Amino acid sequence: MATPPHQPLPPYGFGRPAPLPCDICGAIPAVHTVVRGHQGLVVTLRFLTKEGTFCRTCGTSLYRKMTSDTLWQGWWGLLSVFAAPVTLFMNIGARRRIRALPHPVGNLRPQLAPGRRVLARLPALVVIGALVVTLGVFVVPRLIPSTPAKFMAGDCGRNNAEWPEQDLEEVGCSSDEAEFWLSEGEKCWGMDWLVYLEYSAKQEMLCAHPMKK
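Here the structure is a predicted model, which means the values were calculated and not measured.

Side note on the state of the cysteines
Tallying each qualifying case throughout the model produces two disulfides. At a sulfur-sulfur separation of 1.9 Å, the disulfide partner of Cys 156 is Cys 173. A torsion of 95 degrees about the S-S bond marks the disulfide between Cys 156 and Cys 173 as right-handed. Of this pair, Cys 156 sits in strand S3 (residues 156-159) while Cys 173 sits in the loop between strand S4 (168-171) and strand S5 (180-184), placing them 17 residues apart in sequence. With its sulfur 1.8 Å from that of its partner, Cys 188 forms a disulfide with Cys 207. Of note, the bridge from Cys 188 to Cys 207 carries an S-S torsion of about 125 degrees and is right-handed in sense. Taken as a pair, Cys 188 in the loop between S5 and strand S6 (193-195) and Cys 207 in strand S7 (residues 206-210) lie far apart in primary sequence, 19 residues in all. Residue class for Cys 207 comes out buried when judged on its relative accessible area of 0%.

Structure below.
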């Protein structure tokens, strides 16, 4: 049997929906979506939306600007600390819909300039820098196991906790910060404290004697 000849697609309006034009520039194709932003105003907050039909170029510009603005305007309030991340998350869907479009053609008006990517803009760099500093100051030190000071008889130190808890630090015996001196464990008397074995360089019992001020 002969292969039937190729049938061209019917024109728009004959079973095929016409592509939507962009509300901003008039180019096609475009998609209807909502791009969101957020502003924290210390004691109140404001949710921003740009709803319409946007081509890939104009939609990308709106997404990048509103997301970038949210990164530096969206944290100035107690509730905004929670609202800003939700806004950024909701914009992911709009970004996916916009990026799925082919490049627009036939614009009747000027298109919005997409500009730099969100992560290449100053607000994103500042937020990333702040997160890195926060992790470096508060999180990373907690993940690094601490190595206790090691003492021998005759050393001096101080306790950064309240006895009987021990958080011992070695200091010079002539220092004003020295709180105790150490001897062998069997020489404890009075109000002296036995030192945890983890602080002993030779895993032998040591006794902490208060320094006379």
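Considering a nonpolar patch on the surface
On the surface, Val 133, Leu 135, Val 137, Phe 138, Val 139, Val 140, Leu 143 and Ile 144 cluster together into a nonpolar patch covering about 760 Å² of accessible area. Topologically, Leu 135 is positioned in helix H3 (residues 122-143). Note on Leu 135: relative accessible area 45%, which makes it partly exposed.

Side note on the packing of helix H1 (residues 56-73) against helix H2 (residues 80-99)
Across the interface, H1 lies against H2 with an axial gap of 10 Å and an inter-helix angle of 170 degrees. Taken together, H1 and H2 sit at an angle that is classed as roughly antiparallel. In this structure, the crossing between H1 and H2 has a hand that is left-handed. Between H1, through Arg 56, Gly 59, Thr 60, Tyr 63, Thr 67, Thr 70 and Leu 71, and H2, the contact on the second element is made entirely by Ala 84, Leu 88, Asn 91, Arg 95, Ile 98 and Arg 99. A breakdown of the residues in the contact of H1 with H2 according to their chemical character gives five nonpolar, five polar and three charged.

What about the pairing of strand S2 (residues 44-54)?
In this sheet, S2 lies alongside strand S1 (residues 31-41) in antiparallel orientation, the contact comprising eleven bridges. Following the sheet pairing, Leu 41 is matched in S2 by Thr 44. Linking S1 back to S2 in an antiparallel pair, the connection comprises two residues, with Val 42 at a positive phi of about 65 degrees.

Considering the side chain of Ser 68
Along the chain, Ser 68 turns up in helix H1. Ignoring any residue separated from it by four or fewer positions in sequence, one finds Ser 68 in contact with Arg 121 and Pro 123.

How each quantity is defined
- Residues numbered from 1 in each chain as written.
- Predicted model: local features only at pLDDT ≥ 70, side-chain atom pairs only at ≥ 80, totals over all residues.
- Heavy atoms only, no water.
- Disulfide = S-S within 2.5 Å.
- Helix = DSSP H or I, 4+ residues; strand = E, 2+ residues; numbered from the N terminus.
- Buried < 20%, exposed > 50% of the residue type's maximum accessible area, 1.4 Å probe, protein only.
- Patch = residues over 30% accessible without salt bridge, like charges linked within 9 Å, V, L, I, M, F, W, Y side chains within 5 Å.
- Areas by Shrake-Rupley, 256 points an atom, 1.4 Å probe, with all protein chains shown as cover.
- Salt bridge = Lys/Arg side-chain N within 4 Å of Asp/Glu carboxyl O.
- Axes fitted to C-alpha atoms, helices over the stretch in contact; angles between N-to-C directions.
- Parallel < 35°, antiparallel > 145°, perpendicular 65-115°, else oblique.
- Left-handed = near helix turned anticlockwise from the far one by under 90°.
- Contact = heavy atoms within 4.5 Å.
- Nonpolar A, V, L, I, M, F, W, Y, C, P; charged D, E, K, R; others polar.
- Pairing = 2+ DSSP bridges.

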